[in-house]
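These are the residues of each chain, in order.
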Amino acid sequence: MAYFSQLPNIYVAEGITSSENFKYRLVKNLFRRVLAREDLDKYITLFETYSIRDGDTPSSLADDICGDPFKDWVILLVNNITDFYEQWPKSSDALQKFVEEKYDSVDGIHHWETNEVLYNDIVYVKEGIEVNETYRTVMPDGTTLTKEASVYPVSNYEHEEFQNELNRNILLPNSSIIELIIEEFDDLVEYAPNRELDVNNNKQTRLSLAQLFLNRKSTVYASSARTTAVGAVTSFDYGSTTAGATATEGVVATVVQTGTSSSTSTASSGGSGTTTSTPSPSPTPSPSPSPSPSPSPSPSPSPSPSPSPSPSPSPSGGGYGGGY
């Protein structure tokens, strides 16, 4: 059975440019894909290693194994081969033509690899490690080997020939497991039950009316009022707020020092949302209290705030900002 016949169907909506009804086309869902497990080579009783010979194709191998050339996709699936032209080994003539078309020079240097280096009859550097041309092997005693003893060049043809030989080694499933693979594949690609399936298990995602207006010129997604930049906004919520200033209602911070008095004030009022910094008063020390008790109030600042908000400091001595 061919590979594409195993895939489920799906209705794909066609593009519309007018107010006509929606159109759907029934096609195979090519996005449904199954990958083989990476540890299949461990099950040696179910698979065998095979080296592809010139002239072998997936259909010819499937015909030899199970007598059905249309089950070639099972062999490709087991080996995770998605591109037959790149991942299937080429013949000698096809490889030579491929290299000539891909590279400017067949014998040009593709990369450099390390030579095998022994130290006291022990492999110190393995052969075939891809390195830069400037690589030099440094021995444990500090001796640096020459370029010829450290690396060797690999031509473009040699590189492609090596990759081509790696592609020859594949796994072939036994005839007894091929049917199990097909059954499990059908279970994995099948749609889970949902409301978008019809009686024939064909999936159809209905389009909405809004899609009639998609990809149209001069489409407006928001009103201009929502996209116009606005300036300062003043809102009254436990005090006023003006752009560039912050006010907190009823909070007063006062710093008074003996001798030299400095003040930091944060004031707010219902009509003004600005923050005023109280300038430092005169360096003249605050007046000392009279030796005898006086019924008159002290010239020092009153500990209670003024009944009316005052954004500026009191003319009397001391740094105090009014508040509520």
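Coordinates for the structure precede this section.
Calculation rules
- Residues numbered from 1 in each chain as written.
- Predicted model: local features only at pLDDT ≥ 70, side-chain atom pairs only at ≥ 80, totals over all residues.
- Heavy atoms only, no water.
- Helix = DSSP H or I, 4+ residues; strand = E, 2+ residues; numbered from the N terminus.
- Buried < 20%, exposed > 50% of the residue type's maximum accessible area, 1.4 Å probe, protein only.
- Contact = heavy atoms within 4.5 Å.
- Areas by Shrake-Rupley, 256 points an atom, 1.4 Å probe, with all protein chains shown as cover.
- Arc of directions from axis to C-beta.
- Salt bridge = Lys/Arg side-chain N within 4 Å of Asp/Glu carboxyl O.
- Pairing = 2+ DSSP bridges.
- Phe/Tyr/Trp six-rings, centres within 6.5 Å; stacked < 30°, edge-to-face > 60°.
- Lys NZ or Arg CZ within 6 Å of the ring centre and 35° of its normal.

Trainee: Just to check I follow, could you spell out the overall build of the protein for this structure?
Mentor: Secondary structure summary: the protein contains eight helices and ten strands in total. For the protein, the residues scored as buried account for 26% of the 324 residues in total. Sequence separation of 24 or more characterises 56% of the internal contacts of the protein that already satisfy a separation of 6 or more. Of the roughly 22700 Å² that the protein leaves accessible, carbon and sulfur atoms contribute 54%.

Trainee: What is the right way to look at helix α6 (residues 156-166) in this model?
Mentor: Each α-helix winds once per 3.6 residues, and so residues spaced three or four apart point in a common direction. Taken as a whole, α6 has its buried residues at Asn-156, His-159, Glu-160 and Asn-164. Angularly, the buried residues of α6 cover 135° about the axis, an arc narrow enough to put them on a single face. Here the buried face of α6 lies against α4 (92-102), β4 (109-114) and β8 (151-155).

Trainee: Even after reading the chapter, I still don't get the environment of Glu-148, so can you show me in this structure?
Mentor: Checked against the element boundaries, Glu-148 lands in helix α5 (residues 147-150). Linking Glu-148 and Arg-136, residues twelve residues apart in sequence, is a C-alpha distance of 9.2 Å.

Trainee: What is the right way to read the pattern of salt bridges from this model?
Mentor: A side chain of one charge can pair with a side chain of the opposite charge if their charged atoms are brought near each other. Considering all chains together, one arrives at seven salt bridges under this definition. Here Lys-147 makes a salt bridge to Glu-133, at a shortest N to O gap of 2.8 Å. Of this pair, Lys-147 sits in helix α5 while Glu-133 sits in the loop between β7 (130-131) and α5, and the two are 14 residues apart along the sequence. The class for Lys-147 is partly exposed, based on a relative accessible area of 26%. Two residues, Arg-168 and Glu-165, come together in a salt bridge whose shortest N-O distance is 3.3 Å. Given a relative accessible area of 11%, Arg-168 falls into the buried group. What you see here is one network of salt bridges that share partners, running through Asp-54, Glu-165 and Arg-168.

Trainee: I tried to follow unusual backbone geometry on my own but got confused; where do I start?
Mentor: Residue Asn-80 is not a glycine yet carries a positive backbone phi of 55°. Looking at where Asn-80 falls in the secondary structure, it is placed in the loop between α2 (72-78) and α3 (84-87). Of the residues examined, Asn-80 reaches a relative accessible area of 32% and is grouped as partly exposed. Non-glycine residue Asn-120 carries a positive phi angle of around 55°. You can see Asn-120 is positioned in the loop between β5 (117-119) and β6 (122-125).

Trainee: Help me understand the environment of Val-106, please; the structure alone is not making it clear to me.
Mentor: Here Val-106 shows up in the loop between α4 and β4. Remark: the alpha-carbon pair of Val-106 and Tyr-157, spanning 51 residues in sequence, is separated by 5.6 Å. Setting aside residues no more than four positions away along its own chain, Val-106 makes contact with Gln-96, Val-99, Glu-100, Ser-155, Asn-156 and Tyr-157.

Trainee: Can you walk me through the sheet that holds β4 in this structure?
Mentor: Through backbone hydrogen bonds, the strands of a sheet pair up, either in parallel or in antiparallel fashion. A sheet is described by the order of its strands in space; here three strands give the open sequence β7-β4-β8, paired in antiparallel fashion. Unpaired on one side and paired on the other, β7 and β8 mark the two borders of the sheet. Pairing analysis gives five bridges linking β4 to β8, with the strands arranged antiparallel. Bridge pairing links His-111 to Val-154 in β8.

Trainee: Could you clarify how one ought to interpret the sheet that holds strand β1 (residues 9-13) in this entry?
Mentor: Strands sit in the order β2-β1-β10 across an open sheet of three strands; the sheet is mixed. The open sheet has two edge strands, β2 (24-28) and β10 (203-204), and neither has a second partner.

Trainee: Would you mind showing me how to read helix α1 (residues 58-66) here?
Mentor: Taken together, the buried positions of α1 are occupied by Pro-58, Leu-61 and Ala-62. Down the axis of α1, the buried set is contained in an arc of 100°. They therefore lie on one face. Of the surrounding elements, those touching the buried residues of α1 are β3 (47-51), α2, α3 and β9 (169-173). Backbone geometry just downstream of α1 places Gly-67 in the positive-phi region, at approximately 75°.

Trainee: Would you mind going over the packing of aromatic side chains with me for this structure?
Mentor: For any pair of aromatic rings, geometry is given as the distance between the ring centres together with the angle between the planes. Taken as a whole and assessed by the stated rule, the structure comprises seven aromatic pairs. The interplanar angle of 75° and the centroid separation of 5.3 Å between the aromatic rings of Tyr-3 and Phe-4 together place this pair among those described as edge-to-face. Through a chain of ring-to-ring contacts, three or more aromatic side chains come together here, namely Tyr-3, Phe-4, Trp-73 and Phe-185. Sitting over the ring of Phe-98, Lys-90 keeps its end group 4.5 Å from the ring centre.

Trainee: Sorry, what's going on with the pairing of β6 here?
Mentor: Direction of pairing for β5 relative to β6: antiparallel, over a ladder of three bridges. For Tyr-119, the partnering residue across the bridge sits in β6 and is Ile-122. The hairpin formed by β5 and β6 contains two residues between the paired strands, and Asn-120 there has a positive phi angle of roughly 55°.

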